[in-house]
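What the coordinates show
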Amino acid sequence: MGTVLLARHGETTWNREGRIQGWADATLTDRGREQTRALADRLGARDLDQVVASDLVRTRETVETLRDAGVECDPSFSRAWRERDFGEYQGLTRTAIAARHRAYHVEESLLAVRSVPRGESLAAFDERVREGWERLRGRLAVDETALVVTHGGPIRAVLAAVNDRELADVARECSPSNCGVTVLEPDGDRTRVRARDDCAHL
């Protein structure tokens, strides 16, 4: 049985300002780098057989900070693990988006909205992440550990997939923390969720 660790990137400038990021290139804050170093301490001497990350700037910076903090890894980067493309709403606050989009309420997750102007549909996003998840599962050997450095959206998409639930419902229920860790154990056709958004190291 293998193990997959899903970790969200460290805090970014736009996280701090409450702006929707999507594919935009917001960078890590000092706090985000501190969170990443705490994640490195959590990983400790664990042998990582695979490290894969989203190819966006904030996840690349998180991986580089992990390496600087002593995590030995040879990462690969994949568009499959990107956040959803939120199109015209990238860079806006939730309040600004709620004023423009009837289907969105400021208390909820924009991820749950089915479509956004000039952005990626929820269905297309879900399919992209699920395909990335299945590729990772297919490469994971028994007793191997893989670390995925990604975003809140893909973590929720994987949780929806392994629990056979609708992504929109999962998106409304949880919001992964910066550098929180979700631990999964794929076993045949099933995947056990051993920890969900574990932040004990932060």
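Cut-off values and rules
- Residues numbered from 1 in each chain as written.
- Predicted model: local features only at pLDDT ≥ 70, side-chain atom pairs only at ≥ 80, totals over all residues.
- Heavy atoms only, no water.
- Pairing = 2+ DSSP bridges.
- Helix = DSSP H or I, 4+ residues; strand = E, 2+ residues; numbered from the N terminus.
- Axes fitted to C-alpha atoms, helices over the stretch in contact; angles between N-to-C directions.
- Contact = heavy atoms within 4.5 Å.
- Phe/Tyr/Trp six-rings, centres within 6.5 Å; stacked < 30°, edge-to-face > 60°.
- Lys NZ or Arg CZ within 6 Å of the ring centre and 35° of its normal.
- Core = buried A, V, L, I, M, F, W, Y, C linked by side-chain atoms within 4.5 Å.
- Buried < 20%, exposed > 50% of the residue type's maximum accessible area, 1.4 Å probe, protein only.
- Parallel < 35°, antiparallel > 145°, perpendicular 65-115°, else oblique.
- Nonpolar A, V, L, I, M, F, W, Y, C, P; charged D, E, K, R; others polar.
- Salt bridge = Lys/Arg side-chain N within 4 Å of Asp/Glu carboxyl O.

Regarding the sheet that holds strand 2 (residues 50-54)
Strand order in the open sheet formed by 6 strands is 3-2-4-1-5-6, and the pairing between neighbours is mixed. Of all strands in the sheet, those bounded by a partner on one side alone are strand 3 (76-78) and strand 6 (190-198). Strand after strand, the sheet turns through a mean of 20 degrees between neighbouring axes, direction not considered. With 6 bridges connecting them, strand 1 (residues 3-8) and strand 4 (residues 145-150) associate as parallel partners. When the sheet's bridge partners are listed, Thr3 is paired in strand 4 with Thr145. Packing against the sheet, helix 2 (residues 30-43) makes contact with strand 1, strand 4, strand 5 (181-187) and strand 6, and its axis sits at approximately 40 degrees to strand 5. Across the sheet, helix 6 (residues 152-162) is in contact with strand 1, strand 4, strand 5 and strand 6; its angle to strand 1 comes to roughly 145 degrees.

Overview of the packing of aromatic side chains
The full count for this structure, using the stated rule, is 0 aromatic pairs. Over the ring of Phe77 we find Arg60, and its NZ or CZ is 4.1 Å from the ring centre. One cation-aromatic arrangement involves Arg82 over Trp23; the distance from NZ or CZ to the ring centre is 4.5 Å.

Side note on the nonpolar core
If you look at the biggest cluster of nonpolar residues, it comprises 35 residues, and the most contacted ones within it are Val4, Leu6, Trp81, Leu110, Trp133, Leu136 and Val158. Secondary structure elements with two or more residues in this core: strand 1, helix 5 (122-139), strand 4, helix 6 and helix 7 (167-173). Take this core: its biggest share by element is 6 residues, from helix 6. Sequence-distant contacts of Val158, defined by excluding residues within four places in its chain, comprise Leu6, Trp81, Val129, Trp133 and Leu184. In terms of nonpolar packing, the next biggest core, distinct from the first, is built from 18 residues, Leu5, Leu66, Leu147 and Val181 among them.

So, the packing of helix 5 against helix 6
Interaxial distance between helix 5 and helix 6 falls to 9 Å at its minimum, and their mutual angle equals 75 degrees. One element, helix 5, and the other, helix 6, form an angle in the roughly perpendicular class. Residues Phe125, Asp126, Val129, Arg130 and Trp133 of helix 5 pack against Gly153, Pro154, Ala157, Val158, Ala160, Ala161 and Val162 of helix 6. Split by residue class, the contact of helix 5 with helix 6 holds 9 nonpolar, 1 polar and 2 charged.

Remarks on the pattern of salt bridges
Any two side chains of opposite charge can pair, so long as their charged atoms come close to each other. Taken as a whole and assessed by the stated rule, the structure comprises 15 salt bridges. Notably, a salt bridge pairs Arg42 with Asp198, separated by 3.2 Å at the nearest N-O pair. With a gap of 156 residues between them, Arg42 in helix 2 and Asp198 in strand 6 connect regions that are remote in the sequence. Accessibility expressed as a relative area gives 31% for Arg42, which makes it partly exposed. Asp198 gets classed as partly exposed once you look at its relative accessible area, which sits at 24%. Within this structure, Glu88, Arg100 and Arg118 form a network of salt bridges that share partners.

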